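Chain by chain, the residues:
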Amino acid sequence: MFGHTENFQEMWKPIEKPASVSMIALSFYNGLFAYAGWNFLNLVTEELQEPEKNLPRAIMIALPLVTVVYVLANVAYFAVISPNEFLTSDASGVLFGNRMYGVMAWIIPVFVSMSCFGTVNGTLFTSGRLFILLKGVKAAGLFVFSMGS
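Residues numbered from 1 in each chain as written. Predicted model: local features only at pLDDT ≥ 70, side-chain atom pairs only at ≥ 80, totals over all residues. Heavy atoms only, no water.

As annotated in an unreviewed UniProt entry, the protein is Large neutral amino acids transporter small subunit 1-like from Priapulus caudatus. According to its UniProt record, the protein has this under Subcellular location (unreviewed entry): "Membrane". (UniProt positions renumbered as here; feature names shortened; annotations may be inferred.)

Encoded structure:
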């Protein structure tokens, strides 16, 4: 049987490697990266139909959905990998894939690559609209400083 419930018995017990300020800061940074997608939606409101209704709806659906997926992924990781193995592993997803999927473990890096491609796609899609938005704000006289001609 897969999974180890003993990893959940003492969840809050300190691990061998004490947390440093830089480790805590890195964990917050990683969390911010994971949930940063909702902010990109604000840059494409001109392309939304009924943005006053659909923008809050998209945020209220996507944020809890992403939170649930991340929590369930972490529960699955801890059911298979011990906390000390997490600390020594360079790629916990690959370790999880090797233990759970065996021959099909190659699928984890493929999904990670697809996720990265999706992030790049969203970033490029919204970054181009940032300058259009800034041009409209400047034309409306809402800019305090000038960004060129």
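Having seen it, we continue.
In terms of regular secondary structure, the protein is built from seven helices and zero strands. Walking the protein from its N terminus toward its C terminus, one meets helices and strands in the order α-α-α-α-α-α-α. Counting every position in the protein, which comprises 149 residues, the buried fraction comes to 9%. Taking the intrachain contacts of the protein between residues at least 6 apart in sequence as the baseline, contacts between residues at least 24 apart amount to 50%. On the protein, roughly 11600 Å² of surface is accessible, and the fraction owed to carbon and sulfur atoms is 70%. (Helix = DSSP H or I, 4+ residues; strand = E, 2+ residues; numbered from the N terminus. Buried < 20%, exposed > 50% of the residue type's maximum accessible area, 1.4 Å probe, protein only. Contact = heavy atoms within 4.5 Å. Areas by Shrake-Rupley, 256 points an atom, 1.4 Å probe, with all protein chains shown as cover.)

Relative to each other, helix H4 (residues 51-80) and helix H6 (residues 92-101) sit at 60 degrees, their axes nearing to 10 Å. Judged by the twist between their axes, the crossing of H4 over H6 is left-handed. Only Gly93, Phe96, Arg99 and Met100 of H6 make contact with H4, whose side of the interface consists of Ala76, Tyr77 and Val80. A class-by-class count of the residues in the contact of H4 with H6 yields five nonpolar, one polar and one charged. (Axes fitted to C-alpha atoms, helices over the stretch in contact; angles between N-to-C directions. Left-handed = near helix turned anticlockwise from the far one by under 90°. Nonpolar A, V, L, I, M, F, W, Y, C, P; charged D, E, K, R; others polar.)

The next point concerns the confidence of the model for the protein. With 81% of its residues at a pLDDT of at least 70, the protein reaches an overall mean of 79. Averaged pLDDT values for the elements of the protein fall to 70 in helix H3 (residues 37-41) and rise to 89 in H6. (pLDDT = per-residue confidence, 0-100.)

With the rule as written, the count across this model stands at four aromatic pairs. Relative to phenylalanine 86, the ring of tyrosine 77 has its centre 6.0 Å away and its plane inclined at 65 degrees; by these criteria the two rings are edge-to-face. Ring centres 6.2 Å apart and planes at 85 degrees place the aromatic pair phenylalanine 96 and tyrosine 101 in the edge-to-face group. A residue is classified by how much of its surface remains accessible, and phenylalanine 96, at 9% relative accessible area, is buried. Every member of this aromatic cluster is reached through a ring pair, and the members are Tyr77, Phe78, Phe86, Phe96 and Tyr101. (Phe/Tyr/Trp six-rings, centres within 6.5 Å; stacked < 30°, edge-to-face > 60°.)

With that out of the way, let us pick up H6. Among the residues of H6, those classed as buried are Gly93, Phe96 and Gly97. Angular distribution of buried residues about the axis of H6 spans 100 degrees; they occupy a single face of the element. Two residues or fewer past H6, glycine 102 is found with a positive phi of approximately 55 degrees. (Arc of directions from axis to C-beta.)

On to unusual backbone geometry. Leaving glycine aside, a negative phi is the common case for residues, and trans is the common case for peptide bonds. The backbone of glutamate 50 sits at a positive phi, close to 50 degrees, despite the residue not being glycine. Relative to the assigned elements, glutamate 50 resides in the loop between H3 and H4. Residue glutamate 50 is classed as partly exposed on the basis of its relative accessible area of 44%.

In this section: the UniProt feature "transmembrane region" (unreviewed entry) in the protein. Within this numbering scheme, the UniProt entry marks residues 21-38, 58-80 and 101-124 as carrying the feature "transmembrane region" (unreviewed entry). Measuring from the first to the last C-alpha atom of residues 58-80 gives 33 Å, for a span that is 100% helix and 0% strand. Between the end C-alpha atoms of residues 101-124 the distance is 33 Å, and the span holds 79% helix and 0% strand.

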